[in-house]
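Chain by chain, the residues run as shown.
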Amino acid sequence: MSNTQKKSLPFIYNFTAGAIAGISEILTFYPLDVVKTRMQLETGKSKHGLVGSFRTIIAEEGFGRLYRGLVPPLMLEAPKRATKFAANDFWGKTFISLTGRAKMDQQLSILTGCSAGATESFVVVPFELVKIKLQDKASRFAGPWDCLKQIIAKDGVLGLYAGMEATFWRHLWWNGGYFGSIFQVKALLPPAESPQGQLMNNFISGTVGGCVGTIMNTPFDVVKSRIQGSERLPGVTPKYNWTYPALITIFREEGPAALYKGFVPKVLRLAPGGGVLLLVVEFTLGVFRKALGPPYV
């Protein structure tokens, strides 16, 4: 059966492949995420670079601190992937139907990615909040459940959605850059002549997409970390509260470079991480297709 006649895999297989890829990426690159958060929460001039931050954390807090807050993103992976795939499928079909186009093109890919990212942000905020609280050097929480209980006790259930607006913008810009770049890079790469060649094309396009998405969304990620990492006191308006005013505040007080704090560990994680995601997804889907047989192969 030719490639054009392949039947699409059922949702559960796409979801499972995405979850496996996401967990693989988290376990591989998570220490970079901890370092990124530390750098973003540091106000004023940065005291440590990437290597210095690693050394300081290990020397002062131990190697295990590089995996502090790992549980929330692992727990998030299943609902996040389910939301991502469902949202991509829904918005992709919706925009194709509204525009009357025969298939997905770059413009629709960007629009679909942004819409799916905005949808996904509603699911990830509580998990991201707990993760940031645990990654903070000043964190005194015993673990994720202790953190969760203390947030709810102090700020109520809605307190779990601190940084919702910033997360919305972060995901919108990330998905727009990521999916738009992947579509463009795949169009520029020579057609793959083997399954290995297809995996390499996916890795290259995913890496480029991860890099572009990181460039576009890092300022919003810095603001999100500041909002979620700050202590909220009764009757006191937080210094970092809304996204665009916070961007202006950081720019004025710390300079434009501060909007890209944590960029190096972030891009080192998400650029190759984006490639790893696509590579693992496509490899896993290939295994599923072979296991199921026709009409999926």
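Residues numbered from 1 in each chain as written. Predicted model: local features only at pLDDT ≥ 70, side-chain atom pairs only at ≥ 80, totals over all residues. Heavy atoms only, no water.

Under an unreviewed UniProt entry, the name given to the protein chain is Mitochondrial carrier, and the organism recorded is Heliocybe sulcata. Regarding the protein chain, the relevant UniProt record gives this comment under Sequence similarities (unreviewed entry): "Belongs to the mitochondrial carrier (TC 2.A.29) family." (UniProt positions renumbered as here; feature names shortened; annotations may be inferred.)

> In this structure, what is going on with the side chain of Arg38? I would like to understand it.
The residue Arg38 is located in helix α1 (residues 11-41) in this model. We classify Arg38 as buried; its relative accessible area is 14%. For Arg38, the side chain forms a polar contact with the side chain of Glu61, separated by 2.8 Å. Sequence-distant contacts of Arg38, that is, excluding residues within four places in its chain, are made with Ile57, Glu61, Arg65, Gln135, Asp136 and Lys137. (Helix = DSSP H or I, 4+ residues; strand = E, 2+ residues; numbered from the N terminus. Buried < 20%, exposed > 50% of the residue type's maximum accessible area, 1.4 Å probe, protein only. Polar contact = N/O pair within 3.5 Å; in protein donor to acceptor, adjacent residues only side chain to side chain. Contact = heavy atoms within 4.5 Å.)

> Help me out: how do you make sense of the packing of aromatic side chains in this one?
The way to describe two aromatic rings as a pair is by their centre distance and the angle between their planes. Under the criterion given, the structure shown has 10 aromatic pairs. Judged by centre distance (5.2 Å) and plane angle (65 degrees), the rings of Tyr13 and Phe288 are edge-to-face. With Tyr13 in helix α1 and Phe288 in helix α9 (residues 263-292), this pair connects stretches of sequence that are 275 residues apart. On the basis of relative accessibility, which here comes to 26%, the residue Tyr13 falls in the partly exposed class. Residue classification places Phe288 among the buried positions, given a relative accessible area of 19%. On the numbers, 5.6 Å between centres and 20 degrees between planes, the contact of Trp91 with Phe95 is stacked. (Phe/Tyr/Trp six-rings, centres within 6.5 Å; stacked < 30°, edge-to-face > 60°.)

> Where do I start with unusual backbone geometry in this structure?
In terms of backbone geometry, most residues other than glycine have negative phi values and most peptide bonds are trans. In the segment running from Pro294 into Pro295, the intervening peptide bond is cis, with an omega of 5 degrees. Looking at the secondary structure, you find Pro295 in the segment after α9.

> Explain the nonpolar core to me, please; I cannot follow it from the model alone.
Side chains that are nonpolar tend, in soluble globular proteins, to be buried together. In terms of nonpolar packing, the biggest core is built from 11 residues, these being Ala166, Phe220, Val222, Val223, Ile227, Tyr240, Ala246, Leu247, Ile250, Ala258 and Leu259. Among the secondary structure elements, those contributing two or more residues to this core are α7 (195-229) and α8 (243-254). Considering every element that reaches this core, the biggest residue donor is α7, with four residues. If we skip the residues at most four places from it in the chain, Val222 touches Gln40, Ile250, Ala258, Leu259 and Lys261. The next biggest cluster of nonpolar side chains, apart from the first, holds nine residues, and it includes Ala17, Val280, Val281 and Phe288. (Core = buried A, V, L, I, M, F, W, Y, C linked by side-chain atoms within 4.5 Å.)

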